[in-house]
Every structure is written in structure tokens, then in C-alpha cells.
Amino acid sequence: PDRAGRWLREEHRPDVDRFLALLILGLYGAYGVSMGLFTGAGPGGVSALKLPLMFTLTQAVCFPAFYVINCRIGPAFRPWQCRRVLLLAASANAAAVASYAPLSYFFALTTSATDGGYAFLVFMHIAVFGIAGLLSVGLVAWLFRAAAFLRGRPMRAVTVWLWGLLYGVVGAEMSWAMRPWIGWPGEPYRFFKGTHGSFLESLLRVVEIVFQ
């Protein structure tokens, strides 16, 4: 906590920012490979690029709302401090996701290429990202409350969790827009499939496979 606090107060540390950003991209890339291996080595390499890009774009889309929340009912961080808070949150998220990577590789290589195997992998990845997302949003809420307390500003953690819900919805839809991550069994792999449908519709389709 003390080290994170000092880092949030030091404006001229772009070297640390760059290092952490590269580390985050590397951890996401390592997990992304395991997501695409269900359909082959090539899709695994594509997913290694897509996953870091997805989180980068999600943070870019959600940053304005995050900054406004911070100014109105948060610790009133400056823009560069908000960027660092999001870097810390992303690092926690990436570390949690990457810690599951060995198991993800195992299941990707041993799960049969059937509709049932596909549904299992989809739910597994959703669970991994959901748990990692809760961890990162919890870190943001903790940093906000600690900083707001030190500055004598009122702060309700529920507000950060509402932003976290927005972040999760945007991230889920972003993953759908940049699909396929795993590749539907029996269909040829394509880098993009267009933007028709939504993440929720795809999830309901997988649920139908499980319970049919």
C-alpha cells in the first residue's frame, strides 16, 4: 500500500508506467494463446494479440466515466493518476488471469472439439475473467477509499462497483466485437466474424448447447 501510494504521487515515472504496461500486455498475451489453441496454433497466436488489445480498448472507452466518477465523488485524482490506478487494476487482473494460464493450456489441449467441449471452455474463461475482474475492481475501490479518506472527501465504494459493472459490460461486448476467441467447433476459423449479435446472445446459445 505505501509503495502504491508513493507511485500514485510521483508524476515523473514514465519508465515504471511503460514497464507495467508491457508486463500487463505480456500476461494477457500468454493467456490469450491458451484461448485460441482450441482451434489451432494460428488462432492461438491471433488470440495472443486480441486479448491485450481488447483490454486496452476497454480501458480507453471506460476512462472518461472513470475520471468523472473520480472527480465528483472520489479522491479527485489527476488524469495521469487515474491512468496509474487503472494500470494497477489491470496488473491485478492480468496477474490473476495469467495464474490460471497453465490450467487453461491443459484444458485447451485436452478438451474434445465438440459443442460440449466448446461450451465448457467458454464458461471456464468467463469464470476466470469474472473472478479477475472482481479482484481488479476491488483494488480500485480500495485505492479510492484510502485516497479519499486521506483527502477528507466523502466516498462510497458502491459507486466504484457500479463503474466496475459498466467496465465488465463494455469488456464483454468488446470481446464479442473482436471474436472469435476460441472458434466455434465445425466452422472454419476467421479473424473477424462481423458485429452482428451480442455477447449475451452468444452466451445464451452456449447455454442451450449445455441443456439441450
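See the structure above.
Here's what I pulled together on the structure shown here. In every chain, residue numbers begin from 1 and rise along the written sequence. Given that this is a predicted model, residues contribute local features only at a pLDDT of at least 70 and side-chain atom pairs are listed and counted only at 80 or more, while totals for whole chains, interfaces and linings are drawn from all residues. The basis for the side-chain values is all heavy atoms of the structure; hydrogens and waters are excluded.

### Focus on a nonpolar patch on the surface
Here's step 1: Each patch is built from residues lacking any salt bridge and having more than 30% relative accessible area; the joining distance is 9 Å for like charges and 5 Å for nonpolar side chains (Val, Leu, Ile, Met, Phe, Trp, Tyr). Only the protein chains shown count as covering a residue, and every accessible area follows the Shrake-Rupley method with a 1.4 Å probe. Salt bridges, as used here, are contacts in which a Lys or Arg side-chain nitrogen is within 4 Å of a carboxyl oxygen on Asp or Glu. Side chains of Val 158, Leu 162, Leu 165 and Val 169 sit close together on the surface and give an oily, nonpolar patch of about 390 Å² of accessible area.
Here's step 2: Position of Leu 162 among the secondary structure elements: in helix α7 (residues 157-177). Put simply, DSSP marks the helices as runs of H or I at least four residues long and the strands as runs of E at least two long, and each gets a number from the N terminus on.

### With respect to the state of the cysteines
Linking two cysteines covalently through their sulfur atoms gives a disulfide.
Here's step 1: Put simply, a disulfide is two cysteine sulfurs that come within 2.5 Å. Under the defined criterion, the tally for this structure stands at 0 disulfides.
Here's step 2: Cysteine Cys 82 remains unbridged, with the sulfur of Cys 71 as its closest cysteine sulfur at 6.4 Å.

### Some words on empty space enclosed by the protein
Here's step 1: A cavity here means a set of points on a 1 Å grid, drawn over the protein atoms and nothing else, where a 1.4 Å probe fits but cannot get out; a pocket is an open set with protein on both sides within 12 Å along at least five of seven lines, and a residue lines either one if it has an atom within 4 Å of a point. Grid points are joined across faces, edges and corners, and a volume is the space filled by probe spheres set on the points. Under the definition given, this model contains 1 cavity of 30 Å³ or more.
Here's step 2: One number sums up the size of the largest cavity: a volume of about 70 Å³.
Here's step 3: Around the largest cavity, the lining residues are Tyr 28, Gln 59, Leu 86, Ala 89, Ala 90, Asn 93, Ser 136, Val 137, Val 140, Trp 163 and Tyr 167.
Here's step 4: Among the secondary structure elements, those contributing two or more residues to the lining of the largest cavity are α4 (79-99), α6 (115-151) and α7.
Here's step 5: Here the lining of the largest cavity takes 4 residues from α4, the largest share from any one element.

### Notes on helix α3 (residues 41-73)
Here's step 1: Helix length check: α3, at 33 residues, gives a terminal C-alpha distance of 47 Å against a target of 48 Å (1.5 Å per residue), a fit within 8%.
Here's step 2: If you look at α3, its biggest bend is around 45°, right at Phe 63, and the proline Pro 64 turns up within four residues after that. Expected helix span is given by 1.5 Å per residue-to-residue step, counting one fewer step than there are residues. Two axes enter the definition of the bend at a residue: one is fitted to the seven residues ending there, the other to the seven starting there, and the bend is the angle between them.

Scope: geometric values only; no functional claims are made or implied.
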